[in-house]
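Coordinate analysis (summary)
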Amino acid sequence: MTITCALLCALMIARPVAAQSPTSVLSSDLVTLLREIKAADTDQLAVSEADGRFLRVMTASSGAKQALEIGTAFGYSAIWIGLGLRQTGGHLTTIEYDAARARKAADNIRRAGLSDVVTVVAGDGFVEVPKLTGTFDFVFLDAWKRDYKRFFDLVFPRLTPRGLFLAHNVVNKQTEMRDFLGTIQNNPALFTAIVTPSGEGMSVSYKLR
Ligand SMILES: C[S@@+](CC[C@H](N)C(=O)[O-])C[C@H]1O[C@@H](n2cnc3c(N)ncnc32)[C@H](O)[C@@H]1O
């Protein structure tokens, strides 16, 4: 058998990428933790794994440094964002209304080894965001859907030019946020796209100026 033939044969019996575990590049401890969070999330609050992976790509590729999440739940999406920020040297502040969820999220983030990257704030985002200093270059909104427009209005003035504003459930819960969707799709200072890593849908808005 020639070397070329041996190589071709090896490639033919190699498992196709799509058949490999989609979490293969994460440490086994992190895979276990992420699965544990999902298994305990009986109300299905967390984003899908596909959406989590998308958030990681967006934070890492945008070079985000000062990120904000509103709606932490148990920290699943915050971990994915934190993994992206680990690459950029950035930091995430994530706000959760429910104190017990915030405590659990902080513990999950600690177990993920991301306590130095992610800070969990327990409280109402409408109260806590004004207390934060500085600007944001990456925002992920995943709180109650009918509040999206109010949260956008609160945060948008503090989003830096070239910053990204992402929101979850913009497809499956679009009827609960028509005002928000109208705003991000018609604002001349934004490029907005709706993407569907999974069925819930995410808006991605890029601030031009
Ligand atoms: C869909 S869950 C978030 C899931 C999380 N992003 C994830 O993927 O792991 C929505 C969370 O937003 C929280 N929430 C709702 N309104 C809020 C507010 N005004 N301020 C802070 N958190 C809020 C809820 O308590 C709930 O835990």
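Residues numbered from 1 in each chain as written. Predicted model: local features only at pLDDT ≥ 70, side-chain atom pairs only at ≥ 80, totals over all residues. Heavy atoms only, no water.

1. A look at the side chain of Glu-96
So the rule is basically this: Secondary structure is summarised from DSSP: a helix means a run of H or I of at least four residues, a strand means a run of E of at least two, and numbering begins at the N terminus for each. Buried, partly exposed and exposed residues are distinguished by accessible area as a fraction of the type maximum, computed with a 1.4 Å probe on protein chains only: under 20%, between the cut-offs, and over 50%, respectively. Two residue types count as positive, namely Lys and Arg, and two as negative, namely Asp and Glu; His and chain ends fall outside the count. The working definition used for a salt bridge is a side-chain nitrogen of Lys or Arg within 4 Å of a carboxyl oxygen of Asp or Glu. Counting of polar contacts relies on pairs of N or O atoms within 3.5 Å, with two restrictions inside protein: one atom must be capable of donating a hydrogen and the other of accepting it, and residues adjacent in sequence are counted only when both atoms are side-chain atoms. What makes two residues a contact is simply this: any of their non-hydrogen atoms within 4.5 Å.
Position of Glu-96 among the secondary structure elements: in strand 2 (residues 91-96). As a buried residue without a salt bridge, Glu-96 has its nearest oppositely charged side chain in Arg-101, at a separation of 4.3 Å. Here Ala-73 takes part through its backbone nitrogen, which lies 2.7 Å from a polar atom of the side chain of Glu-96. Once you skip the residues sitting within four places of it in the chain, Glu-96 turns out to touch Gly-71, Thr-72, Ala-73, Arg-101, Ala-102, Val-121, Ala-122 and Gly-123.

2. Some details on helix 8 (residues 178-186)
The line we're drawing: Read the arc as the range of directions from the helix axis to the C-beta atoms.
Every buried residue of helix 8 is listed here: Phe-180, Leu-181, Thr-183 and Ile-184. For helix 8, the arc enclosing every buried residue in end-on projection is 160°, short of the 170-degree limit, so these residues lie on one face. What points out from helix 8, more than 90 degrees from its buried face, is the exposed set Arg-178 and Asn-186. Tucked inside the fold, the buried residues of helix 8 contact helix 7 (148-155), strand 5 (159-168), strand 6 (190-195) and strand 7 (202-207).

3. Focus: the environment of Ala-143
Within the secondary structure, Ala-143 sits in the loop between strand 4 (136-141) and helix 7. Considered as a pair, Ala-143 and Gly-125 are 18 residues apart in the sequence and their alpha carbons are 8.7 Å apart. Residues contacting Ala-143, with those up to four places away along its chain left out, are Ile-70, Gly-71, Tyr-148 and Phe-151.

4. So, the site of the ligand
Stated formally: The criterion for a residue being near a molecule or strand is simple. One of its heavy atoms has to lie within 4 Å of it. For the area figures, the Shrake-Rupley method with a 1.4 Å probe applies, and any residue is considered shielded solely by the protein chains shown. For this classification, the nonpolar set comprises Ala, Val, Leu, Ile, Met, Phe, Trp, Tyr, Cys and Pro, the charged set comprises Asp, Glu, Lys and Arg, and every other residue, Gly included, is treated as polar.
The environment of the ligand is made up of 20 residues, and the closest members are Val-47, Glu-96, Arg-101, Gly-125 and Asp-142. Glu-96 is positioned such that a nitrogen or oxygen atom in its side chain is 2.6 Å from an oxygen atom of the ligand. The separation between a nitrogen atom of the ligand and a polar main-chain atom of Tyr-97 is 3.1 Å. Protein coverage of the free-state accessible area of the ligand, which is 610 Å², stands at 96%. Only helix 4 (76-88) and strand 2 provide two or more residues apiece to the shell around the ligand. The residue inventory of the shell around the ligand, partitioned by class, reads 10 nonpolar, five polar and five charged.

5. Describing the pairing of strand 7
Sheet faces and side chains relate simply in a regular strand, where the side chains alternate between the two faces. Spelled out, the test is: Being paired, for any two strands, means DSSP has found at least two bridges between them.
Among the six residues in strand 7, five count as buried, and that is most of the element. Alignment of strand 5 against strand 7, held across five bridges, turns out to be antiparallel. Counterpart to Phe-165 in the pairing with strand 7 is Ser-205. Sheet topology note: the strand 6/strand 7 ladder contains six bridges and is antiparallel. Looking across to strand 7, one finds that Val-195 is bridged to Met-202.

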